[in-house]
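Topology and contacts: notes
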Amino acid sequence: MSQEKSTSLSYWQDVRQRFFANKISIVGLAMLVAMILFGIFGPIVSKFKYDELGPDILVGPFTNGHWLGTDDLGRDIFVRATQGIRLSLTVAIIVTLISVLLGVTLGGIAGYFGGFVDTLISRFIDTWQVIPFVLIGFAIITVFGSSFWVIVLALVLTGWYSTTRLFRASVMQVKSLDYVEAARASGVKTSRIILRHIGPNAIPPIIVVLAFSIAGAILSESVYAFLGVGFREPTPSLGVMISGSRNYLTDKPFVFFIPGSILVILTLSIVLIGDGLRDALDPKLRGTK
């Protein structure tokens, strides 16, 4: 038992060392922390409200106390962008957690039991995956409205199957290992085998999926808002801000490029962290320092 604990600890220590030794990972982590701090403290240090209309319309950055300028309704872009970061991260984290929970459950069932259950779940995924995610989102939001939880539901239904596929493959690989076969032969309960032996060893690839799923959810939410079916005015979504600034791209480009740049930095930081996690968790790299 102590040897198992020591091995597990050594593995995660090695993962942590590899992650923090990767300069790209550190850059991504620093960018994400900066965005989070921007989202937390931005509304606190600003004297404006995100939906506050003002007389200064489409003024540039650092004008009349507006650090990043104002939009076509005189609203402060800085405070709206910080609120947009909060909203994007909140939606993305909730969507990713629900998608991963659903994917791990279905993938674990399909991978462990195989047979008819595996075929049924796999064929359902194949059928569902054929439908473009934008159409699924359009249909759900059009029927049920564009509230917070409806948008979360639309994003979950278009993101759960990739996690299911990955975890299914990971479980199928782990369940064929000798120690799992030995546990099964010795009469250990199925629930204990799944939770104790298979689950913890099949989870590492899901950690990488978490990062990429968060970035994907942020982009998907922005796409829906940009197309007019996601969050709508006056909600300070980054997608809403980008959509509303299209008419000013040539004469007032800062209205478009500020929320657009924040969206790029936010998603890029998470992707860089995901790349670092993938390299740190890759078993082929262990022991090759």
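Details of the structure are given in the entry above.
So, here is what we can say about the structure in this document. (Residues numbered from 1 in each chain as written. Predicted model: local features only at pLDDT ≥ 70, side-chain atom pairs only at ≥ 80, totals over all residues. Heavy atoms only, no water.)

Before going further, it helps to spend a moment on the packing of aromatic side chains. When we look at a pair of aromatic rings, we describe it by the centre distance and by the angle of the planes. Per the counting criterion, the structure on display carries ten aromatic pairs. On the numbers, 5.1 Å between centres and 90° between planes, the contact of Y112 with F113 is edge-to-face. Assessed through its relative accessible area of 11%, Y112 is described here as buried. With a centroid separation of 6.0 Å and an interplanar angle of 20°, the aromatic rings of F124 and W128 are classed as stacked. Here F124 and its partner W128 are both found in helix α4 (residues 115-130), four residues apart, which amounts to about one turn of the helix. Residue classification places W128 among the partly exposed residues on the basis of a relative accessible area of 21%. Taken together, the ring pairs connect F124, W128, W160 and Y161 into an aromatic cluster. Here the guanidinium or amino end of R246 rests over the ring plane of F226, the centre of that ring lying 4.7 Å away. (Phe/Tyr/Trp six-rings, centres within 6.5 Å; stacked < 30°, edge-to-face > 60°. Buried < 20%, exposed > 50% of the residue type's maximum accessible area, 1.4 Å probe, protein only. Helix = DSSP H or I, 4+ residues; strand = E, 2+ residues; numbered from the N terminus. Lys NZ or Arg CZ within 6 Å of the ring centre and 35° of its normal.)

Another aspect to go through is the packing of helix α7 (residues 160-175) against helix α10 (residues 204-226). Where α7 meets α10, the axes come as close as 9 Å, and the angle between the chain directions of the two elements is 165°. Classified by the angle between their axes, α7 and α10 sit roughly antiparallel to one another. Seen along the crossing, α7 lies across α10 with a hand that is right-handed. Where α7 abuts α10, its residues T163, L166, F167 and S170 lie against P205, I206 and V209. Residue classes in the contact of α7 with α10 are distributed as five nonpolar, two polar and no charged. (Axes fitted to C-alpha atoms, helices over the stretch in contact; angles between N-to-C directions. Parallel < 35°, antiparallel > 145°, perpendicular 65-115°, else oblique. Left-handed = near helix turned anticlockwise from the far one by under 90°. Contact = heavy atoms within 4.5 Å. Nonpolar A, V, L, I, M, F, W, Y, C, P; charged D, E, K, R; others polar.)

This part takes up the environment of I265. Position of I265 among the secondary structure elements: in helix α12 (residues 254-281). For I265 and S10, which are 255 residues apart along the polypeptide, the C-alpha to C-alpha distance reads 33 Å. Not counting the four nearest positions on each side in its chain, I265 is found in contact with M31 and M35.

This part covers the nonpolar core. As a rule of thumb, nonpolar side chains are buried together in soluble globular proteins. With 48 residues, the main nonpolar core has V91, V95, I141, I218, I262 and I270 as its most contacted residues. Listing elements by their share of this core, those giving two or more residues are α1 (2-21), α2 (23-45), α3 (77-113), α5 (133-144), α6 (148-157), α10, α11 (238-244) and α12. Among the elements that line this core, the one with the most residues is α12, at eleven residues. Residues V100, Y112, V171 and V180 belong to the second largest nonpolar core, which totals eleven residues. (Core = buried A, V, L, I, M, F, W, Y, C linked by side-chain atoms within 4.5 Å.)

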